[in-house]
Amino acid sequence: MSKIYFISGLGADRRAFDRIEEFNGYQKVFIDWKSNHKKESIKSYSKRLFENFTIAPDDIIISLSFGGLIAQEIALSHKISKIILISSFRDARDLKAILRYALTLRLHYLIPNFRISLMSTVIRNWFNVSSSSGTEILNQMVNSTNIRLMKWSMEKIRASHFELNRSIIMYNIIGDKDRILRLWKNENTSIVTSGGHFMVYENANEVNKILKQLIIPSSLQ
């Protein structure tokens, strides 16, 4: 059976995918974050994340936010032909201008090493979360965030540079109300109306419909 690997974003974990449906013919596999090594490359880190998995070319990777950079690395090293980015980006140029500027100034290094839960209201606003269940699950994930991993990840985003590879089909599912990403498009873009950065949970019905179209052949739907 082919597998779908799910990679969450910064400050998130597998709970972000709680509302994503099962897909016939695929086994869902969730990738958990590991602590980074000092000065570790994203290529090395991606390899460590998947070191206990056997990846086949017909497997699929679905990723959120920063997970998109990991998905690209794994697709290149394992010749996976299909990756699906949800509320994600190809490199730092797909972020909102104010965030790109903050990364350029390396302001992420000024984030203190205390519980990021103190910033939960700000994060909830950036993620455009309004439902009570979405707020609860986002708060739970924020409370368990690894600050050092977050700082390392933001530095990797700052230094990222996308290079088009025609052997990889990159699907882009993005919300038109995302406060973190600009509304970037490629030849395989689906736009979720009123979708924010946490639309994988908040707008799960719309996201599931798009995923079904991308994953399950039309003859089997």
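This text follows the structure it describes.
Values in this document were obtained by computation on a predicted structure and should not be read as measured data.

**Q** Mind showing me how you'd approach the nonpolar core here?
**A** Side chains of nonpolar character tend, in soluble globular proteins, to be buried together. Core analysis: the largest hydrophobic core is formed by 66 residues, its most contacted members being Ile62, Ile84, Ile86, Leu211 and Ile215. Excluding residues that lie within four positions of it along the chain, isoleucine 86 makes contacts with Ile62, Ser63, Leu64, Ser65, Ile173, Met199, Val200, Val207 and Leu211.

**Q** What am I meant to see in the side chain of aspartate 94 here?
**A** Tracing the backbone shows aspartate 94 in the loop between strand S4 (82–88) and helix H3 (97–104). A relative accessible area of 1% means that aspartate 94 is categorised as buried. There is a polar contact of 3.0 Å between the side chain of aspartate 94 and the side chain of arginine 182. Apart from residues no more than four positions distant in its own chain, aspartate 94 is found in contact with Phe89, Leu181, Arg182 and Trp184.

**Q** I tried to follow unusual backbone geometry on my own but got confused; where do I start?
**A** Note: most residues except glycine have negative phi, and most peptide bonds are trans. The backbone of lysine 79 sits at a positive phi, close to 55°, despite the residue not being glycine. Overall, the relative accessible area of 66% leaves lysine 79 in the exposed class. Positive phi, close to 60°, is recorded for asparagine 128, a residue that is not glycine. Within the element layout of this structure, asparagine 128 appears in the loop between helix H4 (120–126) and helix H5 (132–143).

**Q** What's the story with the environment of threonine 193 in this structure? I'm lost.
**A** Locating threonine 193 in the fold gives a position in the loop between strand S6 (189–192) and helix H7 (199–202). Linking threonine 193 and lysine 177, residues 16 residues apart in sequence, is a C-alpha distance of 7.5 Å. Not counting the four nearest positions on each side in its chain, threonine 193 is found in contact with Asp176 and Asn203.

**Q** How do you make sense of the sheet that holds strand S5 (residues 169–175) when you look at a structure like this?
**A** Strands in a sheet are paired, the pairing made by backbone hydrogen bonds, and the direction either parallel or antiparallel. Spatial ordering of the open sheet is given by S2-S1-S3-S4-S5-S6, a layout of six strands whose pairing is parallel. A single partner strand is all that each edge strand has here, and the edge strands are strand S2 (26–31) and S6. Geometrically, the sheet is characterised by an average inter-axis angle of 20° between neighbouring strands, direction not taken into account. Where strand S3 (residues 60–65) lies against S4, six bridges are found, and the strand directions are parallel. In the sheet register, serine 65 faces S4, and the bridge partner there is serine 88.

**Q** Sorry, what's going on with the environment of glutamine 140 here?
**A** Assignment of secondary structure puts glutamine 140 in helix H5. In this structure the C-alpha to C-alpha distance between glutamine 140 and histidine 78, which are 62 residues apart in sequence, comes to 33 Å. Within the structure, glutamine 140 has its side chain in polar contact with the side chain of arginine 15 (distance 3.4 Å).

**Q** What should I look at first to understand the pairing of strand S1 (residues 2–7) in this one?
**A** A regular strand places its side chains on the two faces of the sheet in alternate fashion. Of all six residues in S1, five are buried, a share of seventy percent or more. Looking at chain direction, S1 and S2 are connected through six bridges and run parallel. Bridging across to S2, serine 2 finds its partner in tyrosine 26. Of the pairings in the sheet, the one linking S1 to S3 comprises four bridges and is parallel in character. In the strand pairing of S3, isoleucine 7 is matched with serine 63.

**Q** Even after reading the chapter, I still don't get helix H1 (residues 42–49), so can you show me in this structure?
**A** Along an α-helix, a turn takes 3.6 residues, which lines up residues three or four apart on a common side. Along H1, the residues classified as buried are Ile42, Tyr45, Ser46, Arg48 and Leu49. Here the buried residues of H1 occupy an arc of 160° about the axis, which is enough to place them on one side. Within H1, the exposed residues directed more than 90 degrees away from the buried face are Lys43 and Lys47. Taken together, the buried residues of H1 touch S2, helix H2 (67–78) and helix H6 (147–158).

Analysis parameters
- Residues numbered from 1 in each chain as written.
- Predicted model: local features only at pLDDT ≥ 70, side-chain atom pairs only at ≥ 80, totals over all residues.
- Heavy atoms only, no water.
- Core = buried A, V, L, I, M, F, W, Y, C linked by side-chain atoms within 4.5 Å.
- Buried < 20%, exposed > 50% of the residue type's maximum accessible area, 1.4 Å probe, protein only.
- Contact = heavy atoms within 4.5 Å.
- Helix = DSSP H or I, 4+ residues; strand = E, 2+ residues; numbered from the N terminus.
- Polar contact = N/O pair within 3.5 Å; in protein donor to acceptor, adjacent residues only side chain to side chain.
- Pairing = 2+ DSSP bridges.
- Axes fitted to C-alpha atoms, helices over the stretch in contact; angles between N-to-C directions.
- Arc of directions from axis to C-beta.

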